[in-house]
Amino acid sequence: MDPATLEALNRASSLELFHLSRVIERLMSDPSRIVQIRLHLHLGQRVRFVDGKAPGAALQLRSGTVVAMKDTQLTVQDDATRATWTLPYAAIELPDDSRAVPQAPTPKPAQRPTREDFRVGDRVSFEDRHLQTRIGTIVRINQKTASVDCENEPGWRVSFGLLRHVVDL
C-alpha cells in the first residue's frame, strides 16, 4: 500500500475508519463489479488470490484453481496445501489482459433459438438465475417454454431463447 495512504489512514479517527470500511465493503459487494470479475473467470482456471489470514500486516498472494463460482463468492483450491478457500470475488487478482479498458462486446447473432429448434428428448443446457449451468433433457415442448428434467433436481421450465443444444462426444 502507498505509504502516504497508510499514513492518512493512521491519522483517521475510529469512526472515520468504520465509515470507510462500510463504503469499501459496499463497493466490493456491488453486483456490477462482481459481474465484471466473473467475465474473466471460469471453472478450472488458475488464479492468484489474497490470503487474508496470513500472519503479519502484509497480505500474501497465493496460487490456486477455481473449483466453484457462486453469486458473491468463489471457491479456490490452493496449489501448495490443496486446501479450499471460499473468497469474495474482490480477493482474486485478474490476469493482466483483463485490466485493460473493456472493448465493445462482439455482436451476438440476431437469431435466438425458437420452439422449432428443439424436440422432446434433446439434451440441452441453460444457466439458472444464479448463473449455474444446468444440463438436462427436454420432456415437453410448451408454447413459450420447454420443460427440462435435470438430474437430481426438480423440473425446469425454460424459455427457448435460453436453451443451448448439448452434443455428447
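Anyway, here's the lowdown on the structure attached to this text. (Residues numbered from 1 in each chain as written. Predicted model: local features only at pLDDT ≥ 70, side-chain atom pairs only at ≥ 80, totals over all residues. Heavy atoms only, no water.)

1. A look at the overall build of the protein chain
Helix and strand counts for the protein chain stand at three helices and 10 strands. Taken from N to C terminus, the helices and strands of the protein chain fall in the order α-α-α-β-β-β-β-β-β-β-β-β-β. Residue burial in the protein chain is summarised as follows: out of 169 residues, 24% are buried. Here the contacts in the protein chain between residues at least 6 apart in sequence split such that 35% fall between residues at least 24 apart. (Helix = DSSP H or I, 4+ residues; strand = E, 2+ residues; numbered from the N terminus. Buried < 20%, exposed > 50% of the residue type's maximum accessible area, 1.4 Å probe, protein only. Contact = heavy atoms within 4.5 Å.)

2. Considering the pairing of strand β7 (residues 133-141)
In the sheet, strand β6 (residues 123-127) pairs with β7 via five bridges, with the strands oriented antiparallel. Along β7, the bridge assignment pairs Val124 with Gly136. Counted along the chain from β6 to the antiparallel partner β7, the turn is five residues long, and its residue Leu131 has a positive phi close to 65 degrees. Pairing analysis gives five bridges linking β7 to strand β8 (residues 145-150), with the strands arranged antiparallel. Pairing of Thr137 across the sheet is with Asp149, part of β8. Connecting β7 to the antiparallel partner β8 that follows it, the hairpin turn spans three residues. (Pairing = 2+ DSSP bridges.)

3. Considering the nonpolar core
Within the largest apolar cluster, 15 residues are counted, with the highest numbers of intra-cluster contacts made by Leu41, Leu74, Val76, Leu87, Tyr89 and Ile92. When residues of this core are traced back to their parent elements, those giving at least two are α3 (31-38), β1 (46-51), β2 (60-69), β3 (73-78) and β4 (84-88). Leave out the neighbours within four places in its chain, and Tyr89 touches Ile34, Ile37, Arg38, Leu41, Met69, Lys70, Asp71, Thr72, Gln73 and Leu74. Listed in part, the 10 residues of the second largest apolar core include Ile138, Val148, Phe160 and Leu163. (Core = buried A, V, L, I, M, F, W, Y, C linked by side-chain atoms within 4.5 Å.)

4. Observations regarding the side chain of Ser147
Inspection of the secondary structure assignment puts Ser147 in strand β8. A distance of 3.1 Å separates a polar atom in the side chain of Ser147 from a polar atom in the side chain of Asn142. Aside from chain neighbours lying at most four places away, what touches Ser147 is Thr137, Ile138, Val139, Arg140, Asn142, Trp156 and Arg157. (Polar contact = N/O pair within 3.5 Å; in protein donor to acceptor, adjacent residues only side chain to side chain.)

5. Some thoughts on a nonpolar patch on the surface
A contiguous nonpolar surface patch, about 320 Å² in accessible area, is contributed by Leu17, Leu20, Ile24 and Met28. Take Leu17: it is sitting in helix α2 (residues 14-28). For Leu17, a relative accessible area of 36% puts it in the partly exposed group. (Patch = residues over 30% accessible without salt bridge, like charges linked within 9 Å, V, L, I, M, F, W, Y side chains within 5 Å. Areas by Shrake-Rupley, 256 points an atom, 1.4 Å probe, with all protein chains shown as cover. Salt bridge = Lys/Arg side-chain N within 4 Å of Asp/Glu carboxyl O.)

6. What about the sheet that holds β6?
With antiparallel pairing, the five strands of this open sheet are ordered in space as β9-β8-β7-β6-β10. The two strands at the open ends of the sheet, each matched to only one other strand, are β9 (156-159) and β10 (164-165).

7. Some words on the sheet that holds strand β5 (residues 92-93)
Overall, antiparallel pairing links the five strands, which are arranged β4-β3-β2-β1-β5 in an open sheet. Only two strands of the sheet have a single neighbouring strand rather than two, namely β4 and β5. Both β2 and β3 contribute to a ladder of five bridges, which runs antiparallel. Following the sheet pairing, Met69 is matched in β3 by Leu74.

8. Side note on the environment of Thr137
With respect to the helices and strands, the residue Thr137 is situated in strand β7. Spatially, the C-alpha atom of Thr137 lies 5.4 Å from that of Asp149, the residues being 12 residues apart in sequence. If near-sequence neighbours (up to four positions away) are discounted, Thr137 is found in contact with Gly121, Asp122, Arg123, Ser147, Val148 and Asp149. Within polar-contact distance, the side chain of Thr137 engages the side chain of Arg123 at 3.4 Å.

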